[in-house]
Amino acid sequence: MGGVEFSPMTLNQNAATRNIWSKSIPWPIGADAMVVVPYRCEGAVNLTRLEPALRSWEKETCVRFREMAASEKLHDTYLLIRASTHCTTATLGINPSGPTTVDIFDACGYGGVIHELGHALGFMHEQCRSDRDKYVIIHLENIRKGVPAYEYSLKSTNNFDVPFDYTSIMLYSGAGENGTRVMVARNPLFQTVMDYAQYLPTATPSFMNIKTLNRNYRCDNFAQSDYQP
Ligand SMILES: [Zn+2]
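Residues numbered from 1 in each chain as written. Predicted model: local features only at pLDDT ≥ 70, side-chain atom pairs only at ≥ 80, totals over all residues. Heavy atoms only, no water.

### Some details on the packing of aromatic side chains
Right, on to step 1. Tallying each qualifying case throughout the model produces five aromatic pairs.
Right, on to step 2. Plain terms: the ring middles of tyrosine 152 and tyrosine 172 are 5.6 Å apart, the flat faces sit at 90 degrees to each other, and that makes the pair edge-to-face. A residue pair is termed long-range when its members are at least 10 positions apart, and tyrosine 152 in the loop between β6 (136–138) and β7 (183–185) and tyrosine 172 in the loop between β6 and β7 qualify at 20 residues. Residue tyrosine 152 shares its accessibility class with tyrosine 172, and that shared class is buried. (Phe/Tyr/Trp six-rings, centres within 6.5 Å; stacked < 30°, edge-to-face > 60°. Helix = DSSP H or I, 4+ residues; strand = E, 2+ residues; numbered from the N terminus. Buried < 20%, exposed > 50% of the residue type's maximum accessible area, 1.4 Å probe, protein only.)

Take a look at the structure:
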């Protein structure tokens, strides 16, 4: 895709056509152009991992995560972050039939929590982008046991004219079974970046992730100086 222009009205009507996936439902944009995502935690969520991950998506974007008060009435449109034994987000963007659930635990790694929150904001995996075959070669025969093949399937995505990104927090490393590779960078200079970008303690959303998010939520002009945590 790419190169698709939206008028504001069309953008609104196509709110669900967003790398970011064609079927993800974005969080509502407020009258002040900010996107407030109410959330609450369930179980012993590791806040020293979660808090920096939340802040990493807020910095330089119009998204703000707001912790709900314990007394606050529960409604369907909120993010439920659960202490778990796996790293999963049930839906991309809003779950239309209940809270949007993100399951995390320490083994998700530094970037893993940021990655799951990316799903909750509407992001599809980078390797599933509509234009990914120009950037990576997929060897499904090498897929690790237990990893479903659809994690590497091509999807209809709106890429917002933002280039494919080997440093995306939403890109798998592409490591395969027994030291093989499921995914190889067509540009070998990016292979190492692709392997480790998400797994280092310094992991953050990439510049392109931020760009995509801001375009998705129509705040592409958002300046870092406006940031108030
Ligand atoms: Zn994922």
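After that view of the structure, there is still more to cover.
### Section: the UniProt feature "binding site: Zn(2+)" (unreviewed entry) in the protein chain
Right, on to step 1. Mapped onto the present numbering, the UniProt feature "binding site: Zn(2+)" (unreviewed entry) falls on His115, His119 and His125.
Right, on to step 2. You can see histidine 119 is positioned in helix α3 (residues 109–121).
Right, on to step 3. For histidine 119, the residues in contact, after removing those within four places along its chain, are Thr89, Thr91, Leu92, Gly93, Met124, His125 and Met170.
Right, on to step 4. Examined against the element boundaries, histidine 125 turns out to sit in the loop between α3 and β6. (UniProt positions renumbered as here; feature names shortened; annotations may be inferred. Contact = heavy atoms within 4.5 Å.)

### Looking at the coordination of the zinc ion
Right, on to step 1. The zinc ion binds to the protein through His115 (NE2), His119 (NE2) and His125 (NE2), with metal-donor distances spanning 2.0 Å.
Right, on to step 2. The sequence pattern describing where the donors of the zinc ion fall on their chain is H-x3-H-x5-H. With histidine 115 and histidine 119 both in helix α3 and four residues apart, the pair spans about one turn of that helix. Residues histidine 115 and histidine 119 agree in their burial class; the two are buried. (Donors = N, O, S within 2.8 Å, 3.2 Å for Na, K, Ca; no water.)

### Some details on the pairing of strand β5 (residues 100–104)
Right, on to step 1. Of all the five residues making up β5, five are buried; the element is thus mostly covered by neighbouring parts of the structure.
Right, on to step 2. The two faces of β5 match: Thr100, Val102 and Ile104 on one face and Thr101 and Asp103 on the other face are all buried.
Right, on to step 3. With five bridges joining them, strand β3 (residues 79–83) and β5 adopt parallel strand pairing. Looking across to β5, one finds that arginine 82 is bridged to aspartate 103.
Right, on to step 4. Relative to β5, strand β4 (residues 88–89) is paired through two bridges, and the arrangement is antiparallel. Across the sheet, residue threonine 88 finds its bridge partner in β5, namely aspartate 103. (Pairing = 2+ DSSP bridges.)

### Things to note about the state of the cysteines
Here a disulfide denotes one covalent bond, and it connects the sulfur atoms of two cysteines.
Right, on to step 1. Considering all chains together, one arrives at two disulfides under this definition.
Right, on to step 2. Shown here is the disulfide that connects cysteine 62 with cysteine 219, its sulfur atoms set 2.0 Å apart. Across the disulfide from cysteine 62 to cysteine 219, rotation about the S-S bond amounts to roughly -65 degrees, and the bridge is consequently left-handed. Here cysteine 219 lies in the segment after α5 (207–216) and cysteine 62 lies in the loop between α2 (47–58) and β2 (63–67), a separation of 157 residues in the sequence. Accessibility assignment for this pair places cysteine 62 and cysteine 219 in one class, buried. (Disulfide = S-S within 2.5 Å.)

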